[in-house]
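One letter stands for each residue in the lines below.
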Amino acid sequence: MVCLIMLSIYACSKKDNSEPVDLNPSFDRKALLTNLADNIIIPSYAGFKIKLDLMVSKCDAFTAAPTVTSLADFRTAWVDAYKEWQKIEMIDVGPSQAQTIRSFFNIYPTNVEAINANIANGTINFDLPVTYSQQGFPALDYLINGLAGSDADIVAFYTTASDAAKRIAYLKKLTAQMNVIFNKVYTPWTTGYRDEFIRKSGTDASSSLAVLLNGYILNYERYVRSGKIGIPSGIMGSTLITPSPEKIEAYYKKDLSKDLALIAQQAVLDFYRGKAFNSSTTGPSIKSYFAALNTKDNNGKLLADVLDEQFVKALAKLNDLSPYFMQQIQTDRTKMTITFDEMQLAVRYMKLDMTSAMGIVITYTDNDGD
Amino acid sequence: MALSLRQYFMKQSSSAPLAVFRIAFGLMLCISILRFWLNNWIEELYIKPHIFFSYYGFDWIKPIGTSTYLLFFICGLSALLVAMGWKYRISIITLFLSFTYIELMDKTTYLNHYYFVSLTCLVMIFLPANVCFSADAWKNREILADKVPAWTVDILKLLLATVYIYAGLAKLNSDWLLNAMPLKFWLPTKNDLPVIGPLLSTAWIPYVFSWFGAAYDLTIVFFLSYRKTRLFAYVTVIVFHGLTALLFQIGMFPYVMIVATLIFFSADFHQKLINKIGKMLKLGHSFTAPNKSFNYTPATNRVILTIFSVLIVVQLLVPFRYLLYPGELFWTEEGYRFSWRVMLMEKNGYATFYVHDSASDKKVIVNNYEFLTPLQEKMMSTQTDMILQYAHFLKNHYVALGFKNPKVFADVFVTLNGRKNAQFIDPHVDLATQEDSFKHKNWILPFNDTIKGF
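Each chain carries its own residue numbering, running from 1 in the direction its sequence is written. Lettering for chains starts from A, numbering for ligands starts from 1, and both go in the order in which the items are written. Reporting in this predicted model follows two pLDDT cut-offs: at least 70 for local features of residues, and 80 or more for side-chain atom pairs to be given and counted; totals over whole chains, interfaces and linings ignore these cut-offs and use all residues. With hydrogens and water excluded, all non-hydrogen atoms of the structure serve as input to the side-chain values.

### Brief notes about the overall build of chain A
Numbering of helices and strands runs from the N terminus, with a helix taken as a DSSP run of H or I at least four residues long and a strand as a DSSP run of E at least two residues long. Along chain A, the regular secondary structure elements total 15 helices and 0 strands. For every residue, the accessible area (1.4 Å probe, protein chains only) is compared with the maximum for its type, and the residue is labelled buried under 20%, exposed over 50%, or partly exposed between those bounds. Split into buried and exposed, the 370 residues of chain A put 56% on the buried side. Residue contacts are defined here by distance: any two heavy atoms, one from each residue, within 4.5 Å place the two residues in contact. A separation of at least 24 residues holds for 75% of the contacts in chain A among residues at least 6 apart in sequence. Every accessible area reported is derived by Shrake-Rupley at a probe size of 1.4 Å, with residue values counting cover from the shown protein chains alone. As displayed, chain A has an accessible area near 14,200 Å², and 55% of this comes from carbon and sulfur atoms.

Here it is, written out as structure tokens:
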């Protein structure tokens, strides 16, 4: 009976209804993880450490002697570190995930009211979640770019203002906190977590690849697509008054928002291609793994290539935007929408095609299925 | 026939299998609850989420905030009491109610094996599972009995048989048998396992697993029922469920099935087991072998048999309700739950919701993560009833934000068993105006392929 049913199914079924799936048995996920750890993640962190250290020392120099020049130096170092940050924000696995490093470094819009209250009170516990929007790069953005219209006036807040000493103390605490948190992430990567990262080479929910990709996709969806484009331009969100320009990244620096978005998008693409941080060589990558799984679109094109092209398209649309997103939103919001749409498509390829092909579950709850 | 049926219902058999089942099942559930707790899933699944997806007709079952911990405590405790057989009737009713309440709070976490647990608890409420080797019988020797109506043991076998056989029938489809999907996807993801790892990325092993899995599900209860093949069958049970535990993330289910299938073993086997434990605990021979029969009063007998008959008929019919709906079951999932369709699909969705303000003709794209947990978003993106519930939630939410008569549209794309993603529902239908019901949702777009079979 059972055999009959099976036979009849076999008989009446067309050949090949679905996409052919050839799973490349020889893809070595350990080699992939090794390349990601040794050539991308750890060097990116090392690169960021240099910029962060420099920023902290420039902050020290500024707070020791606040002048227009030391402010300009500090600002330059802040810009450099902020740009470098864009390359590591997508790494959300192991110690990076455990420390929730993004929460301490880049939650914007920053809470100006709370920052001013903190300065007045002189006490702040930066470990409390409620203070996430009162620290990191966005808080620095306000404190070195947003206090006044001219640099001389900003410097005055650190020299002649009655609460200048308190503001200086806050600034120092801010950068010290960034240093502490970053080292909590970086040190384990260089002392032992790397091996654990490579060892967990399966694709179950707790494997390195699953956690890494979950974080990578989440970062792109929430913090690149929505955070940098969708929310500030009012494409997404909760209000009818469409644009919310105060939600732009680096709002007070003004001309930095596009640069940051471009760097973030380029970093996402480079990571996908497995491009080494310090050179143009590429190794085993998310893309090559995806390609090895051989899933194709309706035109017979590898979806691994389709996604690559989609990232490139998003990059091109981003390039078209004005350096200051505020201007772009006010003059021609449709260009933001076009960029958003390209990014949206990339999210779909990642969330649907890529993770399905890799057998990776998109969820952060390590729950049972059946 | 009528006579033999009557004879069957008069037949008595050993009460030992019921006792062993009660103990094993209760302990397994207690461990499951503990594991759930320790994994912090109570917080993640039942406290953290902003919204919950209730079952159609059960929206009066609400999440209860931090009291959920109390609910889990009660559930775990009653499972332990069931295992001990202490205040059995109250314990099993409490277990059934608390467990079922938990499951009904959010369909995001629907699992067939939770449904199986609820059903088993329901059945056990009516069984004399405490007449043998229980705390109740220890305190009150009056109720002690070593014989019970044979059908009280057989109903549990029947329950297990429906699970296996329907799970097997569900595998008789072209994706599973001819394309070895979704195993062809899932197995290679474990190819770094020692020893069997390299095998898992071969082209043929998914077919072996698929066909073996289907054959296993369809036939295992018969091999377990027949004395000569039983031991061999049970070894297969252990290997099969052991493998699924190793390869897939399915929690306690394999272990529950490994102990539950012990029910198919002979009365002798169970009696020996009980004697052994009894000896270890120094409970005395008169407790483990009382030489007495348990019988329901004729009236109770009739009531229980009626309830069970209805239950069985419902069990046999419910998995086929999908035939009442047009379209491909795997695609629409109309009639998919409560049918023992396990591990059949690798289905992934991506849903983008748009809310239009009718007054200003403006639209916003919804940030799903503002409202849903990642697990909820994942589940919602492929299941139409959840899409609809979410759309209604959005409508109310945006009304509260000042939108006038908002319309809710959704771009949903779904991949099923390795097919390229395709649009899942009609993006031009205002979901805010659609109501959920048992009727077919005509805004589901057709599946552009066929899957033959059950």
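### Re the overall build of chain B
Looking only at helices and strands, one finds 21 helices and 6 strands in chain B. Here the C-alpha coordinates of chain B stretch approximately 80 × 50 × 50 Å along the principal axes. Counting across all 454 residues of chain B, residues that qualify as buried make up 58%. For chain B, long-range pairs separated by at least 24 residues make up 73% of all intrachain contacts whose partners lie at least 6 apart in sequence. Split by element, the accessible area of chain B, about 19,400 Å² in all, is 68% carbon and sulfur.

### Digging into the confidence of the model for chain A
Confidence along chain A averages 89 in pLDDT terms, with 89% of residues attaining 70 or more. As a per-residue measure, pLDDT reflects the predictor's confidence and takes values from 0 up to 100. A low-confidence stretch, residues 1–25 of chain A (pLDDT under 50), is modelled with 46 contacts involving residues beyond four sequence positions or located in other chains.

### Regarding the UniProt feature "domain: HTTM-like" (unreviewed entry) in chain B
UniProt positions are given in the numbering used here, feature names are shortened, and annotations may be inferred rather than shown by experiment. Cross-referencing UniProt, the feature "domain: HTTM-like" (unreviewed entry) maps to residues 10–269 of chain B in the present numbering. Each end of residues 10–269 of chain B is marked by a C-alpha atom, and these two atoms are 23 Å apart; helix forms 67% of the span and strand 2%.

### Focus: the environment of Thr189 of chain B
Following the sequence through the fold, Thr189 of chain B ends up in the loop between helix H10 (183–186) and helix H11 (197–200). Its relative accessible area of 9% is what places Thr189 of chain B among the buried residues. Spatially, the C-alpha atoms of Thr189 of chain B and Leu247 of chain B are 9.0 Å apart, while their sequence positions differ by 58 residues. Those residues in contact with Thr189 of chain B that sit more than four places away from it in its chain are Arg29, Gly202, Thr203, Met358 and Gly359 of chain A.

### Some words on unusual backbone geometry
Omega for the peptide link from Tyr108 of chain A to Pro109 of chain A comes to 5°, which places this bond in the cis form. Looking at where Pro109 of chain A falls in the secondary structure, it is placed in the loop between helix H5 (101–105) and helix H6 (112–121). We note that Glu333 of chain B has phi near 55°; this positive angle belongs to a residue other than glycine. Among the secondary structure elements, Glu333 of chain B is positioned in the loop between helix H18 (329–332) and strand E3 (347–356). The residue Asn405 of chain B is not glycine, and still its phi comes out positive at about 45°. On the secondary structure map, Asn405 of chain B appears in the loop between helix H21 (384–400) and strand E5 (407–416).

### Remarks on helix H10 (residues 208–230) of chain A
Within H10 of chain A, the axis deviates most sharply at Asn219 of chain A, by approximately 30°. In terms of burial, H10 of chain A is largely enclosed, as 22 of its 23 residues are buried. The angle between axes fitted to the seven residues ending at a residue and the seven residues starting there is what we call the bend at that residue.

### Details of the environment of Leu111 of chain B
Positionally, Leu111 of chain B belongs in the loop between helix H5 (88–105) and helix H6 (112–125). Along the primary structure Leu111 of chain B and Phe253 of chain B are separated by 142 residues, whereas in three dimensions their C-alpha atoms are 9.8 Å apart.

### Some remarks on the UniProt feature "transmembrane region" (unreviewed entry) in chain B
Residue and element names in this part refer to chain B. In the numbering used here, UniProt assigns the feature "transmembrane region" (unreviewed entry) to residues 20–38, 69–102, 114–138, 150–169, 204–224, 231–264 and 303–324. For residues 150–169, the helix share is 100%, the strand share is 0%, and the end-to-end C-alpha distance is 28 Å. This span, residues 303–324, is 68% helix and 0% strand, and a straight line between its end C-alpha atoms measures 31 Å.

### Focus on the side chain of Ser44 of chain A
Residue and element names in this part refer to chain A. Within the element layout of this structure, Ser44 appears in helix H2 (residues 29–64). Residue Ser44 is classed as buried on the basis of its relative accessible area, which comes to 2%. Among all residues touching Ser44, those that are not within four sequence positions of it are Ile88 and Phe277.

### Describing the packing of aromatic side chains
Stacked, tilted and edge-to-face are the three classes applied to pairs of Phe, Tyr and Trp rings, where Trp contributes its six-membered ring and a pair requires centres within 6.5 Å; stacked means planes under 30 degrees apart, edge-to-face means over 60, and tilted covers the rest. Inspection of every chain in the model, using the stated rule, returns 62 aromatic pairs over all chains. Aromatic pair Tyr82 of chain A and Phe137 of chain A: ring centres 4.6 Å apart, planes at 10°, arrangement stacked. Here Phe137 of chain A lies in helix H7 (residues 136–146) and Tyr82 of chain A lies in helix H3 (residues 68–85), a separation of 55 residues in the sequence. By relative accessible area, which is 0% here, Tyr82 of chain A ends up buried. Of the residues examined, Phe137 of chain A reaches a relative accessible area of 0% and is grouped as buried. Put simply, the rings of Tyr45, Phe48, Trp78, Tyr82, Trp85, Phe105, Phe137, Phe182, Tyr186, Trp189, Tyr193 and Phe197 of chain A pair up and form one aromatic cluster. By definition here, charges over rings are those cases where NZ of Lys or CZ of Arg is within 6 Å of the ring centre and within 35 degrees of the ring normal. Across the ring face of Phe413 of chain B, the terminal group of Arg348 of chain A is positioned such that the distance to the ring centre comes to 3.3 Å.

### Remarks on a nonpolar patch on the surface
What makes a patch is a set of residues exposed beyond 30% relative accessible area and free of salt bridges, joined within 9 Å when like-charged and within 5 Å when nonpolar (Val, Leu, Ile, Met, Phe, Trp, Tyr). Counted as salt bridges are all cases of a side-chain nitrogen of Lys or Arg within 4 Å of a carboxyl oxygen of Asp or Glu. Taken together, the side chains of Leu27, Ile31, Leu34, Trp37, Leu38, Leu70, Phe73, Ile74, Leu77, Leu80, Met84 and Trp86 of chain B present a nonpolar region at the surface, about 1,100 Å² in accessible area. Sort the elements by how many residues they give to the nonpolar patch and helix H4 (residues 67–84) of chain B lands first, with 6 residues.

### What about the nonpolar core?
All names here are of chain B. Only buried residues count toward a nonpolar core. Its members are Ala, Val, Leu, Ile, Met, Phe, Trp, Tyr and Cys residues joined through side-chain atoms within 4.5 Å. Within the largest apolar cluster, 150 residues are counted, with the highest numbers of intra-cluster contacts made by Met124, Leu156, Phe353, Met380, Tyr390 and Leu431. The leading source of residues in this core is helix H8 (residues 150–171), at 13 residues. Mapped onto the domain boundaries, this core takes at least three residues apiece from domain 1 (2–171 + 265–321) and domain 2 (346–454). Non-local contacts of Leu431, meaning those with residues more than four positions away in its chain, are made with Phe353, Ile387, Leu388, Ala391, His392, Val408, Ala410, Ile425 and Trp443. Either an automatic procedure or a domain database provided the assignment from which the domain bounds are taken.

### What about the domain arrangement of chain B?
All names here are of chain B. Domain annotation for chain B reports domain 1 (2–171 + 265–321) and domain 2 (346–454). Centre-to-centre, using C-alpha coordinates, domain 1 lies 38 Å away from domain 2. As used here, buried area is the combined drop in accessible area, with a 1.4 Å probe, of two parts when they are placed together. The three residues of domain 1 that bury the most area against domain 2 are Ile51, Phe53 and Tyr56, which together make up 44% of that side's buried surface. Counting across the interface, domain 1 meets domain 2 through 1 salt bridge. For Lys107, the salt bridge is made with Asp385, and the minimal N-O distance between the two is 2.8 Å.

### A closer look at the sheet that holds E5 of chain B
All names here are of chain B. In this description, strands pair whenever DSSP reports at least two bridges between them. Pairing within the open sheet is antiparallel, and its 4 strands lie in the order E4-E3-E5-E6. Looking along the sheet, the strands with just one partner apiece sit at the ends: strand E4 (363–365) and strand E6 (422–423). Pairing of E3 with E5, which is carried by 10 bridges, proceeds in the antiparallel orientation. Bridge assignment links Thr352 to a residue of E5, and that residue is Asp411. Where H21 meets the sheet, its contacts fall on E3, E4 and E5, and the angle it forms with E3 comes to roughly 25°. Note on definitions: angles span 0 to 180 degrees between N-to-C directions of axes, and those axes are lines fitted to C-alpha atoms, for helices only across the stretch in contact.

### With respect to the confidence of the model for chain B
One rule of thumb: low pLDDT means the predicted coordinates there are not for detailed reading. Residue and element names in this part refer to chain B. Within chain B, residue pLDDT values average 93, and 99% of them lie at 70 or more. Within chain B, H5 carries the highest mean pLDDT (98), whereas helix H16 (residues 285–288) carries the lowest (79). Here the predicted complex scores 0.89 on pTM and 0.82 on ipTM.

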